[in-house]
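Fold and geometry: a report
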Amino acid sequence: MTVATTPLSLKNDLLTGMEWNPARVRKFFQLAADIKARPQDYRSALAGRFLALIFEKPSLRTRVTFEVGISSLGGSAVFLDHTLTHLGERESIRDIAKNLERWVQGIVARVFAQEALEEMAESTSIPVINALSDRFHPCQALADFFTLEERFAGLRGLKLAYVGDGNNMCHSLLTIGARVGAHIRVATPAGYEPAADVVAEAKVVARQTSGKIELLHSPEEAVAGAQAVYTDVWTSMGHEEEAAARRAAFDGFQVNEALFSRAAKDAVFLHCLPAHRGLEVTDAVIDSPRSVVYDQAENRLHVQKAILFTLLT
């Protein structure tokens, strides 16, 4: 298994985060920091560029930050609501993609199935950006590690504990975390581990960056000494029928004051939001001064501006 090294001169998609090697991720964070510090220097960077936003799932942070982001770079966005008619039902994904490439310069898609994104990317010559799928959430993970770099002034060797479901968010934290050389501990109930192929790819990259990947079943072991503690909802959109069973399976995996106290004294709490307060996290933790959930949300804007600048220029 090798790390993807797609040349900048070729068509670029952001479907998983695996497309970017460690060096490119480092340069990307430098760009995001510059865009955040000097937004006025980029206000016409994407003048005349148009972005299609295709959403099968509801959204707050993703939609607002992409719409505000493209506008603040001088471009425009058109929103295509697919929450009632999913991709491929009314018209084939290939035909949608082939039409859109005649009108816009990029596609941002928030979908149920990763396969829909891949089919769209294969069908068009313009960049396709994963704004969330059942397998990955790369935009969020990039914003998360950018937030942690701001807080800790470095990511290599940073200890991050993820407690919860081995879901799309977990996959992206593993993928990006490996590329920045972080030490990632994932604690899930038995049967809810992240996908084996994602873990394997992350471990290959982590060996190159001095990172570390650990899979555990003990939240206490994962959180012990961690500088960042991350959780996500136990039941993702599209799996609501599993909510009762998952609530039982995740008993003991709540990030509460007792669990968080096992982390390092300077540890911060992260959540991609929306949170199910009282389930995966308590109010006392998510509303504490050590919570950086709103910093994460703010940084979605700066990071997504950097994504758009990277892929659409």
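A short tour of the structure in this document, coming up. (Residues numbered from 1 in each chain as written. Predicted model: local features only at pLDDT ≥ 70, side-chain atom pairs only at ≥ 80, totals over all residues. Heavy atoms only, no water.)

Before going further, it helps to examine the overall build of the protein. On a plain count of helices and strands, the protein comes out with twelve helices and nine strands. Each of the three principal axes of the protein carries a C-alpha extent, and together these read 55 × 40 × 40 Å. The buried share among the 313 residues of the protein stands at 55%. Contacts spanning at least 24 positions in sequence make up 76% of the contacts within the protein whose residues lie at least 6 apart. Accessible surface, the protein as shown: approximately 13000 Å² in total, 51% of it carbon and sulfur. Here the protein carries 33 positive and 38 negative side-chain charges, and the mean point of each set is 7 Å from the other. (Helix = DSSP H or I, 4+ residues; strand = E, 2+ residues; numbered from the N terminus. Buried < 20%, exposed > 50% of the residue type's maximum accessible area, 1.4 Å probe, protein only. Contact = heavy atoms within 4.5 Å. Areas by Shrake-Rupley, 256 points an atom, 1.4 Å probe, with all protein chains shown as cover. Lys, Arg positive; Asp, Glu negative; His and termini not counted. Charge placed at Lys NZ, Arg CZ, Asp CG, Glu CD.)

With that settled, consider the pairing of strand β3 (residues 106-110). Here β3 lies mainly inside the structure; five of its five residues are buried. The alternating pattern of β3 places G106, V108 and R110 on one face and I107 and A109 on the opposite face, and all of these are buried. In this sheet, β3 lies alongside strand β1 (residues 50-55) in parallel orientation, the contact comprising five bridges. Within β3, the position partnered with L53 by the bridge is V108. Strand direction decides the pairing type here: β3 and strand β4 (residues 128-130), joined by three bridges, are parallel. Looking across to β4, one finds that I107 is bridged to V128. Between the parallel pair β3 and β4, the chain is carried across by helix α4 (residues 114-123), and the sense of this crossover is right-handed. (Pairing = 2+ DSSP bridges. Right-handed = clockwise from strand over helix to strand, strands pointing away.)

Turning next to the sheet that holds β3. Here we have four strands laid out as an open sheet, ordered β2-β1-β3-β4, and parallel in their pairing. If you trace the sheet from one side to the other, it starts and ends with β2 (76-81) and β4, each paired once. Neighbour to neighbour, the strand axes of the sheet diverge by 20 degrees on average, direction disregarded. (Axes fitted to C-alpha atoms, helices over the stretch in contact; angles between N-to-C directions.)

On to the environment of V78. Position of V78 among the secondary structure elements: in strand β2. Residue classification places V78 among the partly exposed positions, given a relative accessible area of 39%. Discounting chain neighbours no more than four positions away, the residues touching V78 are L51, A52 and L53.

This part is about unusual backbone geometry. A cis amide bond, omega 0 degrees, links L273 with the succeeding residue P274. Its place among the elements puts P274 in the loop between β9 (268-271) and α11 (283-286). Non-glycine residue S210 carries a positive phi angle of around 65 degrees. Considering the arrangement of structural elements, one finds S210 in the loop between α7 (196-209) and β7 (212-216).

Turning our attention to helix α1 (residues 22-37). Helix length check: α1, at 16 residues, gives a terminal C-alpha distance of 23 Å against a target of 22 Å (1.5 Å per residue), a fit within 8%. For α1, the secondary structure elements touched by its buried residues are α5 (138-152), α6 (168-179), α7 and α12 (293-312). (Expected span 1.5 Å × (residues − 1).)

Turning to the pattern of salt bridges, a few remarks are in order. The full count for this structure, using the stated rule, is 13 salt bridges. With a shortest N-O distance of 3.6 Å, R185 and E214 are connected by a salt bridge. One end of the pair, R185, is in strand β6 (residues 183-187); the other, E214, is in strand β7, with 29 residues separating them in the sequence. Residue R185 is classed as buried on the basis of its relative accessible area, which comes to 16%. On the basis of relative accessible area, E214 is assigned to the partly exposed category, the value being 26%. (Salt bridge = Lys/Arg side-chain N within 4 Å of Asp/Glu carboxyl O.)

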